[in-house]
Amino acid sequence: MRQSGRSGIARRFLIAALFVLLASGQTFAQGKPDDVVRIATYAAALSRDGPGLLLRDILRGDDDQIAATISVLTEVSADIVVLTAMDWDADNAALTAFAAALREDGLDYPYQYAGAGNAGLETGFDLDGNGRSGEPRDAQGFGWFTGQSGLAVLSRYPICAVQDLSHLIWAQIPGARLPRWPDGSAFPSTEAQEVQRLSSTSHWIVSVLVDGVRVDLLAWSATPPVFDGPEDRNGLRARDELRLWGHVMDGKVGSLADRFVVIGNSNLDPADGDGDHAAMQGVLDDPRLIDPAPASVGGSEAADPDHRGDPALDTADWPDGAPGNLRVSYVLPSTNLEAAGAGVFWPARDAPERALLGDDGLAAGPHRMVWVDLRTQHAAGQDSIEGCGPEIREQSVEFR
């Protein structure tokens, strides 16, 4: 079993960082006001190449990347976290073990949720148009096994219900733009498009009871808009994965509380990299949402010279040009929630907290944790969740 969650190189730089932080009498988490709820998303690299390997690595307690991820989560100390790259297993053993490891570090999330999702879910069809079936790209979402790099929610508040939109067929989404061959025919085939789901991982509406107030998390993780051909299959899919939340906000699918947060990894930047920039900017400009513009000094310091967007808003650090640093993870509250603060955990090079990211800044992976502090008591309306008990109510929803 895990003893300290830190070892080797990770142990040395984390202890050094802790010493400096204690000496200064301040930590990142101390900046959180008492009257707010901190909601965060983190595309931490909690995925492995085969089923059961993540659980193995968590229980061994000697994985530096997992240790760094735990340290970042503990430092930010969010009340609710959506993890967008964590392997799922049938008994949620990995999530349970990870929550236990966090608890040992003083961060307790008594409420947890994860589901299988679409990654690695076999279809029996050739979905990528290479003439073969049964490969990772022929699953509903890319994956070597069911549940690879899926979603998980950790919360200090009760998770009462989950509406699952992950089964929705892409071709049936209003306004969907499906890939085509050069001659205009369906890519890779009409039969494949009839079974191809929209979600590459999952789309969930997760209802959380925050001090008696219902707050819905519109959680997802989209496919990267790359790794395809001129048909732009992944680019079009990422666009429509994002657009699904517009249909939810329009009341066309699912049941949405007055207070909600669009949260997760769109894999789209509004100005740089691949993909539909206008679609992402359109969501940021949606009058029903607030963009608190979480920023960091570290992002500014790592600016790519050829990028057009504000580097302070970036949330991922990939090698320059491939695709460089981008803003891809988002926490976007509804307008009847008050944003009291926001940030990206990407400390400056000379900040003591920087040690938590390792010498190269990539100890926990290329993504950075994004958080927003919300004051729910200032919201109008009286949404409630009846019968919120120990069992999470799950249902699949369809378009009206």
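That block above? That's the structure.
Here is a short report on the structure shown in this document. (Residues numbered from 1 in each chain as written. Predicted model: local features only at pLDDT ≥ 70, side-chain atom pairs only at ≥ 80, totals over all residues. Heavy atoms only, no water.)

Moving on, we come to the overall build of the protein. Tallying secondary structure elements over the protein gives 8 helices and 14 strands in all. Taken across its 400 residues, the protein has 55% of its residues classed as buried. Considering only contacts in the protein between residues 6 or more positions apart, those separated by 24 or more positions represent 77%. (Helix = DSSP H or I, 4+ residues; strand = E, 2+ residues; numbered from the N terminus. Buried < 20%, exposed > 50% of the residue type's maximum accessible area, 1.4 Å probe, protein only. Contact = heavy atoms within 4.5 Å.)

Quick look at the packing of aromatic side chains now. Each pair of aromatic rings is reported with the distance of its centres and the angle of its planes. Here the structure, examined in full by the defined rule, presents 4 aromatic pairs. Seen from their ring centres, Phe-142 and Trp-144 are 6.5 Å apart, and the 80° between their planes marks the pair as edge-to-face. Owing to a relative accessible area of 46%, Phe-142 belongs among the partly exposed residues under this scheme. A centroid spacing of 4.6 Å and a plane angle of 55° characterise the contact between Trp-181 and Phe-187, whose relative ring orientation is tilted. The ring of Trp-371 carries the charged tip of Arg-38 above its face, separated from the ring centre by 4.1 Å. Between the NZ or CZ atom of Arg-368 and the centre of the ring of Trp-346, over which it lies, the distance is 4.4 Å. (Phe/Tyr/Trp six-rings, centres within 6.5 Å; stacked < 30°, edge-to-face > 60°. Lys NZ or Arg CZ within 6 Å of the ring centre and 35° of its normal.)

This brings us to the pairing of strand β13 (residues 370-375). In terms of burial, β13 is largely enclosed, as 6 of its 6 residues are buried. Residues Val-370, Val-372 and Leu-374 line one face of β13 and the alternating positions Trp-371, Asp-373 and Arg-375 line the opposite face, and both faces are buried. Here strand β1 (residues 37-42) pairs with β13 via 5 bridges, running antiparallel. Note that in β13 the partner of Thr-41 across the bridge is Val-370. Sheet topology note: the strand β12 (residues 338-344)/β13 ladder contains 6 bridges and is antiparallel. Its bridge partner being in β13, Gly-343 is matched across the sheet by Trp-371. (Pairing = 2+ DSSP bridges.)

Moving on to unusual backbone geometry. Of note, the bond from Phe-187 into Pro-188 is cis; its omega dihedral lies within 30 degrees of zero at -10°. Of note, Pro-188 is situated in the loop between β5 (159-164) and α5 (190-195). Residues Ala-322 and Pro-323 are joined by a peptide bond in cis, for which omega reads -5°. By the element assignment, Pro-323 lies in the loop between β9 (316-317) and β10 (325-326). Its identity as a non-glycine residue notwithstanding, Asp-232 has a phi of 60°, on the positive side. Considering the arrangement of structural elements, one finds Asp-232 in the loop between β7 (213-221) and α6 (233-249). If you check the backbone angles, Ala-293 has positive phi at about 55° while not being a glycine. Mapped onto the elements, Ala-293 comes out in the loop between α7 (277-284) and α8 (297-301). Assessed through its relative accessible area of 32%, Ala-293 is described here as partly exposed.

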